[in-house]
Amino acid sequence: MRVIIVDDEFLARALLREYLAAHPEVEIVAECANGFEAVKAIGELQPDLVFLDIQMPKLDGFEVVELSGARTRYVFVTAYDQFALKAFEVRALDYLLKPFSRERLAQALANVAARANPVEQLEGVAHEAARRHGPLSSACWCATAPASTWCRPPASTGSRRRTTMCRSAPPARPT
């Protein structure tokens, strides 16, 4: 997962960088000290996730979100709890209140991973269909099932009711 860290405080960026180093799936592609740098970096690098402070000089975190568009996903990292509701109104995936622990950061990363964006979900469906050598209709992601399951209609009954099956157990091929 490609991430950008945005915080006007050097020590806050350094601490987050240190905590993220324990997560091999995370690649820090940029660090920004203000909102202008963040908007530019987000536009150029198109990260998967931005850890974003709210109160910064020039542009605050909400202005960065507004200028950067809805494609980017955000976890707000701030010392102020009064912005939490507004953060979730702009579709933040999580809200880390400074100071936070390594465990809380790990929980935020798990929340992000559990809420894969639609493009990633579609890529997963296409990959699974290719792996099974079948049409997309035989391997569709089920929004109500856990992330590790795929759904397909039962082959023998003609029923439209969905059953879940594990990704690692492909359906039997028709003969």
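Cut-offs used in this document
Residues numbered from 1 in each chain as written. Predicted model: local features only at pLDDT ≥ 70, side-chain atom pairs only at ≥ 80, totals over all residues. Heavy atoms only, no water. Axes fitted to C-alpha atoms, helices over the stretch in contact; angles between N-to-C directions. Helix = DSSP H or I, 4+ residues; strand = E, 2+ residues; numbered from the N terminus. Parallel < 35°, antiparallel > 145°, perpendicular 65-115°, else oblique. Left-handed = near helix turned anticlockwise from the far one by under 90°. Contact = heavy atoms within 4.5 Å. Nonpolar A, V, L, I, M, F, W, Y, C, P; charged D, E, K, R; others polar. Salt bridge = Lys/Arg side-chain N within 4 Å of Asp/Glu carboxyl O. Buried < 20%, exposed > 50% of the residue type's maximum accessible area, 1.4 Å probe, protein only. Arc of directions from axis to C-beta. Polar contact = N/O pair within 3.5 Å; in protein donor to acceptor, adjacent residues only side chain to side chain. Pairing = 2+ DSSP bridges.

A.B. asks: Account for the packing of helix 1 (residues 10–20) against helix 5 (residues 102–114), naming residues and giving values.
C.D. replies: Interhelical geometry of helix 1 versus helix 5 gives an angle of 70 degrees and a closest axis separation of 10 Å. Here helix 1 lies roughly perpendicular to helix 5, going by the angle between them. Considering how the two elements wind past one another, helix 1 and helix 5 form a crossing that is right-handed. Residues L16, E18, Y19 and L20 of helix 1 lie in contact with helix 5, whose contacting residues are R102, L105 and L109. Of the residues in the contact of helix 1 with helix 5, the class split is 5 nonpolar, no polar and 2 charged.

A.B. asks: For the environment of D53, give the residues involved together with the corresponding values.
C.D. replies: As for its placement among the helices and strands, D53 is situated in the loop between strand 3 (49–52) and helix 3 (61–68). In this structure, the C-alpha to C-alpha distance between D53 and K98, residues 45 residues apart in sequence, is 10.0 Å.

A.B. asks: So what's going on with the pattern of salt bridges? Residues and values would help.
C.D. replies: A complete count under the given rule lists 6 salt bridges for this structure. A salt bridge links D7 to K98; the shortest N-O distance between them is 2.6 Å. In this pair, D7 is assigned in the loop between strand 1 (2–6) and helix 1 and K98 in the loop between strand 5 (94–97) and helix 5, connecting sequence segments 91 residues apart. With respect to burial, D7 and K98 carry one shared label: buried. E31 is the partner of R17 in a salt bridge, and the nearest nitrogen-oxygen pair spans 2.4 Å. Here R17 is found in helix 1, whereas its partner E31 is found in strand 2 (residues 27–32), with 14 residues between them in sequence.

A.B. asks: Go over helix 3 with me, naming the residues and quoting the values.
C.D. replies: For helix 3, every residue scored as buried is listed here: G61, F62, V64 and V65. For helix 3, the angular spread of buried residues about the axis comes to 155 degrees, placing them on one side. Exposed residues lying more than 90 degrees from the buried face of helix 3 are E66 and L67. If you follow the buried residues of helix 3, they end up packed against helix 2 (35–45), strand 3, strand 4 (74–78) and helix 4 (84–89). Residue D60 occupies the N-cap position of helix 3, its side-chain oxygen lying 2.9 Å from the main-chain nitrogen of F62. One or two residues past the end of helix 3 sits G69, with phi positive at roughly 95 degrees.

A.B. asks: Any details on the sheet that holds strand 2? Residues and values, ideally.
C.D. replies: Taken in spatial order, the 5 strands make up an open sheet running 2-1-3-4-5, and their pairing is parallel. Each edge of the sheet is formed by a strand with only one pairing partner; in this case those strands are strand 2 and strand 5. Sheet twist, expressed as the average angle between the axes of neighbouring strands with direction ignored, equals 20 degrees. Judged from the 4 bridges that link them, strand 4 and strand 5 form a sheet pairing that is parallel. Each bridged residue has a counterpart across the sheet, and for T78 the counterpart in strand 5 is L97. Along the sheet face, helix 3 touches strand 3 and strand 4 and points at about 165 degrees away from the line of strand 4.

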